Each structure stands twice: as C-alpha cells, then as structure tokens.
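Understanding the architecture of this molecule
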Amino acid sequence: GRDIHINSISGDVDMLNLTSSENLHIKTISGDISGYSASSAGKLSLASTSGDFEVDTLKGKNISIHTISGEIEGLVHILPKGSLEGSSTSGSLKLDLSNTEDLDIHATRISGSILFNNQRQEGSPSVATTGKKSTMVKLSTISGEMDILF
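Residues numbered from 1 in each chain as written. Predicted model: local features only at pLDDT ≥ 70, side-chain atom pairs only at ≥ 80, totals over all residues. Heavy atoms only, no water.

1. So, the overall build of the chain
Per the secondary structure count, the chain includes 0 helices and 14 strands. In the chain, the succession of α and β elements from N to C terminus is β-β-β-β-β-β-β-β-β-β-β-β-β-β. Over its C-alpha atoms the chain spans a radius of gyration of 14 Å, differing by no more than 12% from the 15 Å that the globule rule assigns to 150 residues. Along the first, second and third principal axes, the C-alpha atoms of the chain reach 40 × 30 × 20 Å. Within the chain, the proportion of its 150 residues that are buried is 45%. Contacts in the chain between residues at least 24 apart in sequence constitute 31% of all its contacts with a sequence separation of at least 6. Of the roughly 7,200 Å² of accessible surface on the chain, 48% is carried by carbon and sulfur atoms. The chain carries 12 positive and 18 negative side-chain charges, and their two centres are separated by 11 Å. (Helix = DSSP H or I, 4+ residues; strand = E, 2+ residues; numbered from the N terminus. Rg over C-alpha atoms; globule rule 2.2 N^0.38 Å. Buried < 20%, exposed > 50% of the residue type's maximum accessible area, 1.4 Å probe, protein only. Contact = heavy atoms within 4.5 Å. Areas by Shrake-Rupley, 256 points an atom, 1.4 Å probe, with all protein chains shown as cover. Lys, Arg positive; Asp, Glu negative; His and termini not counted. Charge placed at Lys NZ, Arg CZ, Asp CG, Glu CD.)

See the structure below:
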C-alpha cells in the first residue's frame, strides 16, 4: 500500500512483512507489535506508549521512533540520504544501525544511559560518525536507555 496507518490500544499486533511505497505509521498504547519487517520508501513512524516493538528489520528513508515506558528493538536500515529521529522516556531503544553507511549520530540524555557499540557514553551530547556523515541520526532519552550498534 501507499499510505498505511496501524493504531492499537490495549491490543497486540502481529505481522510478517509490512511494506509501504510512501508512508507507514504504527502507533500502540499498552500493546505490543511484533513481526519480521516494516519498510517504507518514504516515512516510517513508530510510536509506543507502555508497549514493545519487536520487529526484526525496520527500513525507511525518514524514520521516526518514539517510546514512553516501552521498548523498541530492531535492525534499522536507513535508506541513502535519509534520517533517523528517535526518543525514549523511561523506556529503551535498542537499535542496530550496522546496515546503514555514512552515519552522523547525535545522542542526548537526561538521567538516562547511552551505549554506542556496547561502550557507555559519558557526555551529552554523545557523537559518533561513519564514512561521509550524510545520514543524520538524532536520538534523545529522559530516564531511559539507548543501546546503539553501528
């Protein structure tokens, strides 16, 4: 489909492969989402409040990931010249960006923790780059945890 919206309140969503040619938005409150892959040629948006996302592969050009008291975990592939913006409030982001090249990562925290490649980051912002630095990644956490592999 072109523009896909999935919303769940107090219900779980199980899927295999979900693909959109333009925009894919998934939002859950007190529900879990699990599946194999979610991909979009345009915007991929995930939002979780008190729910967990366990999707093996997330793929998109402009990716937005937000969690409040939930966990979002997966392999994230940002398409060329794309971006990732994510936040965690009292929740956790466990993102593997190893399939994405040319990263420019900026991560900030307020009383939370940030790990880059299993190494605790003491500063805020914490910054890391790979290659040409053309893929912007902006992450923030308040009392949450970010575990980023790249």
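Let us keep going from here.
2. Some details on the pattern of salt bridges
A full pass over the atoms with the stated rule returns 1 salt bridge. Measuring nitrogen to oxygen at the nearest pair gives 2.5 Å for the salt bridge that ties Arg2 to Glu22. Separated by 20 residues along the polypeptide, Arg2 in the segment before β1 (3–9) and Glu22 in the loop between β3 (17–20) and β4 (23–29) bring together distant segments of the chain. Its relative accessible area of 54% is what places Arg2 among the exposed residues. (Salt bridge = Lys/Arg side-chain N within 4 Å of Asp/Glu carboxyl O.)

3. Examining the packing of aromatic side chains
Tallied over the full model, the rule gives 1 aromatic pair. Between Phe116 and Phe150 the ring centres are 5.7 Å apart and the planes differ by 80°, which places this aromatic pair in the edge-to-face class. Placement of the pair is Phe116 in strand β10 (residues 113–116) and Phe150 in the segment after β14 (145–149), with a sequence separation of 34 residues. Exposure remark for Phe116: the relative accessible area of 5% places this residue in the buried category. (Phe/Tyr/Trp six-rings, centres within 6.5 Å; stacked < 30°, edge-to-face > 60°.)

4. What about the pairing of strand β12 (residues 126–129)?
Residues Ser126 and Ala128 line the buried face of β12, whereas the alternating positions Val127 and Thr129 sit on a face that is not buried. As paired strands, strand β9 (residues 103–110) and β12 are joined by 4 bridges and run antiparallel to one another. Its bridge partner lying in β12, Asp104 is registered against Thr129. (Pairing = 2+ DSSP bridges.)

5. A closer look at the nonpolar core
The biggest cluster of nonpolar side chains holds 33 residues, and the ones touching the most others in it are Ile26, Ile65, Leu84 and Leu97. When residues of this core are assigned to their parent elements, the largest contribution, 5 residues, is made by strand β6 (residues 52–68). (Core = buried A, V, L, I, M, F, W, Y, C linked by side-chain atoms within 4.5 Å.)

6. Quick word on the side chain of Thr100
Inspection of the secondary structure puts Thr100 in the loop between β8 (92–96) and β9. For Thr100, a relative accessible area of 7% puts it in the buried group. Side-chain polar atoms of Thr100 contact the backbone oxygen of Val76, separated by 3.4 Å. A polar contact is formed between the side chain of Thr100 and the backbone nitrogen of Ile78, at a distance of 2.9 Å. Contacts of Thr100, omitting those with residues within four sequence positions, involve Val76, His77, Ile78 and Thr135. (Polar contact = N/O pair within 3.5 Å; in protein donor to acceptor, adjacent residues only side chain to side chain.)

7. Remarks on unusual backbone geometry
Geometrically, the link from Ser124 to Pro125 is a cis peptide bond, its omega value of 10° lying close to zero. The residue Pro125 is located in the loop between β11 (119–120) and β12 in this model. Backbone geometry at Ser10 places phi at a positive 55°, although glycine is not the residue there. With respect to the element layout, Ser10 can be found in the loop between β1 and β2 (13–14). Of note, Asn117 is a non-glycine position whose phi angle comes to about 50°, a positive value. Exposure remark for Asn117: the relative accessible area of 31% places this residue in the partly exposed category.

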